[in-house]
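Secondary and tertiary structure notes
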Amino acid sequence: MFWVGGHRKMFTAIKSVKESGNEVDQVTVFEELNRTGCLESVGAHNLASYAGEVATASNTVYLCGIIYGDYERRRVLTALEQGMGKIHDRNVPLDEIVSPIRGAQETIQISGSCNHISDITGGVIDEIEAAWQGTGKVGVKSSIDTINATTGGWFPGEFYVVAARPSVGKTALALLDAQRAKVPVWFVSAEMTKRLILQRLLSNHTGVSTTQMREGDLDQEDYNKIQHAEKTINSFSLYIEDELRDIDKLKQEAIRMYETKNIRMAIFDYIQLLTTSSVTQSRDREIAKISDTLKSIAKELDIPVIGLSQLSRSVEHRGDRPKLSDLRDSGTLEQDADAVIFLHRGSNYSKVVNVAVAKNRNGPLGHQDYKFDGLRGTFVEIQDDEEE
């Protein structure tokens, strides 16, 4: 597993201390290394140095994945180097050269992906107990009660698709939840620039339209509101990306943002404007690749990923509520998403937006009407006894 022998011995000592029921710290590991005669080869100075450079415990699982990934790469490298040393020797059968490489590849493809059920139950029961006691992993709450009631909010490790026709409110909902989230949020905008997003946020907080801002049609009170809103907006833990569109580069950037900025939710606006590096794929295949990558970001980083999506024009032609088949360009979005949320309004002039959870892999479905204030970017639930 480890490239450096001292690291292997140190890990073994940590494991022994943990299994003995003692607290793992610099002193207990030092004593264990001394007891097993490994302290001199590891080096007391190395132990002290590593103890002062420990990464945050919240990233332990992810960092262990990096270590194991490097181990797998070294196994492949060793197999390749052995093969290169024999490739010019005609007395060595080709299968003897290729077999170790193939074996390393096959092991990597299956390693860690299969567990006995008993290896899983303990962790799941712990999660249930933590949720019961109020200390477990919880979703990032949405400003839409219907979403919270059905999905528990935006839950870590899950991929959500929020779909609507243009100008119905999907970006407004995403920005609203990004601002209200109590975790760092990464907002990828393939549609609007950072400047336009900021203007929209300022408009939401002040009631001053973006048109007034662009044209300078302001009075002193308007300008005072904007200055006050600036302080509020600057307090949000919100990071905006408006240049990258290639999905592979976006995944690399997501990992970097996770490691350096501690992001705990990612929003992509919107899926159909993202691209892949391949120029030969059909649009359906391209969207399938994008959808699969967004799903993998959610699972690998254990964060909620929200992908905004356009709906096909057939919704307008039918004049009724959206269906899963209306997801534009690919049915893969429907398959990959843990939940699909539709935003729909009966006409362009209506202020009533119906929010519907049309697919929910881990809970019930539901829908509710909300009054949408486009200027403020807010949604207010309409009670059953209210009229439009």
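My aim in this report is to walk through the structure given alongside it, one point at a time. Not measured: the values here are computed from a predicted model.

1. Brief notes about the packing of aromatic side chains
Applying the stated rule across the entire model yields three aromatic pairs. Both rings, one in W186 and one in F268, keep their centres 5.8 Å apart while their planes meet at 85°; by these two values the pair is edge-to-face. Linking W186 in strand β2 (residues 185-189) with F268 in strand β4 (residues 265-269), this pair joins segments that are 82 residues apart in sequence. Residues W186 and F268 agree in their burial class; the two are buried.

2. What to know about the environment of L175
Mapping L175 onto the fold places it in helix α9 (residues 170-180). On the accessibility criterion, L175 (1% relative accessible area) is buried. Taking the C-alpha atoms as reference points, L175 and F187, separated by twelve residues in sequence, lie 8.3 Å from one another. Excluding residues that lie within four positions of it along the chain, L175 makes contacts with F187, I197, R200 and L201.

3. Notes on the pattern of salt bridges
Enumeration over the complete set of coordinates arrives at nine salt bridges. The partner of R35 in a salt bridge is E32, with the nearest N and O atoms 2.7 Å apart. Here E32 and R35 lie together in helix α2 (residues 26-35), a separation of three residues that amounts to about one turn. A salt bridge links D338 to K295, with the nearest nitrogen and oxygen atoms 2.9 Å apart.

4. Let's talk about helix α7 (residues 117-132)
With 16 residues, α7 ought to run about 22 Å at 1.5 Å a step, and its terminal C-alpha atoms sit 22 Å apart, in line with that. A positive backbone phi angle near 80° is found at G134, which sits one or two residues after α7.

5. Considering the sheet that holds strand β9 (residues 378-381)
Pairing is mixed in the open sheet, where nine strands are placed in the order β3-β2-β4-β5-β1-β6-β7-β8-β9. With one partner strand each, in any of the chains shown, β3 (238-241) and β9 form the two edges of the open sheet. If you compare each strand with its neighbour and ignore which way they point, the axes differ by 25° on average. The sheet contact formed by strand β1 (residues 159-164) and strand β5 (residues 305-310) spans six bridges and is parallel.

6. Notes on the pairing of β1
In regular strands, side chains alternate between the two faces of the sheet. β1 sits mainly inside the fold: six of its six residues count as buried. Burial of the side chains of β1 extends over both faces: F159, V161 and A163 are buried on one face and Y160, V162 and A164 on the other. Sheet analysis places β1 next to strand β6 (residues 339-344), joined by four bridges and oriented parallel. Paired with V162 across the strands is I341, a residue of β6.

7. A closer look at the side chain of H344
Counting through the fold element by element, H344 comes out in strand β6. Not counting residues up to four positions away in its chain, the partners in contact with H344 are V168, V315, D320, R321, P322, V352, V353 and N354.

8. What about unusual backbone geometry?
Residue Y270 is bonded to the preceding D269 through a cis peptide linkage, with omega at -5°. One non-glycine residue with positive phi stands out, namely N262, at about 60°. Checked against the element boundaries, N262 lands in the loop between α13 (247-261) and β4. Overall, N262 belongs to the partly exposed group, its relative accessible area being 36%. If you check the backbone angles, D302 has positive phi at about 55° while not being a glycine. By secondary structure assignment, the location of D302 is in the loop between α14 (283-301) and β5. You can call D302 partly exposed: its relative accessible area is 36%.

Rules of the game
- Along each chain, residues carry numbers from 1 onward, in the same order as the chain's sequence is written.
- In keeping with the model being predicted, local features are shown solely for residues with a pLDDT of at least 70 and side-chain atom pairs are shown and tallied solely at 80 or more, while totals for entire chains, interfaces and linings include all residues.
- Hydrogens and waters are ignored; side-chain quantities use all the structure's heavy atoms.
- The rule is short: rings of Phe, Tyr and Trp, with Trp giving its six-membered ring, pair when the centres are within 6.5 Å, and they are stacked under 30 degrees, edge-to-face over 60, tilted in between.
- Here a strand is any run of E in DSSP of at least two residues, a helix any run of H or I of at least four, and the numbering for each starts at the N terminus.
- Between buried and exposed lies partly exposed: a residue is buried under 20% and exposed over 50% of the maximum accessible area for its type, with that area taken using a 1.4 Å probe on protein chains only.
- Whether two residues are in contact is decided by their heavy atoms, any of which lying within 4.5 Å being enough.
- Just to be clear on terms, a salt bridge is a Lys or Arg side-chain nitrogen sitting within 4 Å of an Asp or Glu carboxyl oxygen.
- Any helix carries an expected span of 1.5 Å times its number of residues minus one.
- Between any two strands, at least two bridges found by DSSP are needed for them to pair.
- Axes here refer to lines fitted to C-alpha atoms; in helices the fit is confined to the stretch in contact. Angles between the N-to-C directions go from 0 to 180 degrees.

These figures come from the coordinates and say nothing about function on their own.
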